[in-house]
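Residue-level structural notes
Spelled out from the first residue to the last, the chains are:
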Amino acid sequence: MSETAKEILGLDYTFKIIDDVIPETFIATLQRDEHEFTDIHTNVDKHQYTDSSFRTDKATTITDIKIATNILNYIKPNLPKLYKSYTINPLLRFTKSEPGNTVAPHIDSTNQKEGYLSIIVYLSNNTDGATRFININTMQKYDVLPKVGRVVIFDHRLTHSGLAPSENKYIMRTNLNGSNDVKINDPDLVWSPFNKRYMRRGIMN
């Protein structure tokens, strides 16, 4: 994490930007057909909702263990060295933001099913429509622009929003868990409700 981001956000939480680790050939496999996107969003419990006062982007959701594990393998060498192993949630949520679409400031869910680390993978290049992270104490802001293959990993407690793009913006979002459980033999196992979790919240990278 750059000193600029750390200073602006006043962080003692996980926040990391990773570029050029996911091949564009793999990114191409993540692209969804346009007809798949609707106004209906899905939460971690697979409950569907529409809330135009909160977000105006479109969404589609898949559950794919193979894709999720591949993503984890690509980013694993760059993950914070806080845990002996990481697991990834195979529930993959894709969004399409058309010109003018926004997502209001929010924090991501911090429940047992979600884990405590969010992942955003950008699937398009945009000159605007950043993900804006906000220091709620000082109201200072740090913007991350979409770039194909760019990955942002951050603690769920970080307030963030989606700014309006001038051209279509595509992202994929899922979650990570970290574990110090020596009984986990395969660090590439995707998230499971039966894995023992040892997330240490608020630890600096």
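Report follows, based on the coordinates. Values in this document were obtained by computation on a predicted structure and should not be read as measured data. (Residues numbered from 1 in each chain as written. Predicted model: local features only at pLDDT ≥ 70, side-chain atom pairs only at ≥ 80, totals over all residues. Heavy atoms only, no water.)

**Some thoughts on unusual backbone geometry**
For D20, which is not glycine, the phi torsion reads 65 degrees and is therefore positive. Its place among the elements puts D20 in the loop between β1 (15-18) and α2 (24-30). In this structure D20 comes out as exposed when scored by relative accessible area, which is 66%. The phi dihedral of M139 is positive, around 65 degrees, even though this residue is not glycine. Inspection of the secondary structure puts M139 in the loop between β9 (131-134) and β10 (141-144). Look at M139 and you get partly exposed, because its relative accessible area is 48%. (Helix = DSSP H or I, 4+ residues; strand = E, 2+ residues; numbered from the N terminus. Buried < 20%, exposed > 50% of the residue type's maximum accessible area, 1.4 Å probe, protein only.)

**Let's talk about the sheet that holds β10**
A sheet is described by the order of its strands in space; here four strands give the open sequence β7-β12-β9-β10, paired in antiparallel fashion. Two strands lie at the open edges of the sheet, namely β7 (103-106) and β10, each paired on one side alone. Along the sheet, successive strands turn relative to each other by an average axial angle of 15 degrees, direction set aside. Sheet topology note: the β7/strand β12 (residues 159-162) ladder contains two bridges and is antiparallel. Following the sheet pairing, V103 is matched in β12 by G162. (Pairing = 2+ DSSP bridges. Axes fitted to C-alpha atoms, helices over the stretch in contact; angles between N-to-C directions.)

**Here we look at the pattern of salt bridges**
Where charged atoms from two side chains of opposite charge come close, those side chains can pair. Scanning all chains against the criterion turns up ten salt bridges. Residue E36 is joined to R32 by a salt bridge in which the shortest nitrogen-to-oxygen separation is 3.8 Å. Classification of E36 as partly exposed rests on a relative accessible area of 23%. You can call R32 buried: its relative accessible area is 19%. The shortest N-O distance in the salt bridge between D143 and R132 comes to 2.8 Å. Remark: R132 occurs in strand β9 and D143 occurs in strand β10; sequence separation between them is eleven residues. Overall, D143 belongs to the partly exposed group, its relative accessible area being 36%. (Salt bridge = Lys/Arg side-chain N within 4 Å of Asp/Glu carboxyl O.)

**A few points about the packing of aromatic side chains**
Considering all chains together, one arrives at five aromatic pairs under this definition. Measuring from ring centre to ring centre gives 4.8 Å for F15 and F133, while their planes differ by 85 degrees; the resulting arrangement is edge-to-face. Pair noted here: F15 is in strand β1 and F133 is in strand β9, with a separation of 118 residues, a long-range link. Per residue, the accessibility class of F15 equals that of F133, and both read buried. Ring geometry for F133 against F154: centres 5.0 Å apart, planes inclined by 75 degrees, an arrangement best described as edge-to-face. Of this pair, F133 sits in strand β9 while F154 sits in strand β11 (residues 151-155), placing them 21 residues apart in sequence. Each member of the pair, F133 as well as F154, carries the same accessibility label: buried. Ring pairing ties together the aromatic residues F15, F133, Y142 and F154, which thus form one cluster. The lysine or arginine in question, R32, covers the ring of F94, its NZ or CZ lying 4.9 Å from the ring centre. (Phe/Tyr/Trp six-rings, centres within 6.5 Å; stacked < 30°, edge-to-face > 60°. Lys NZ or Arg CZ within 6 Å of the ring centre and 35° of its normal.)

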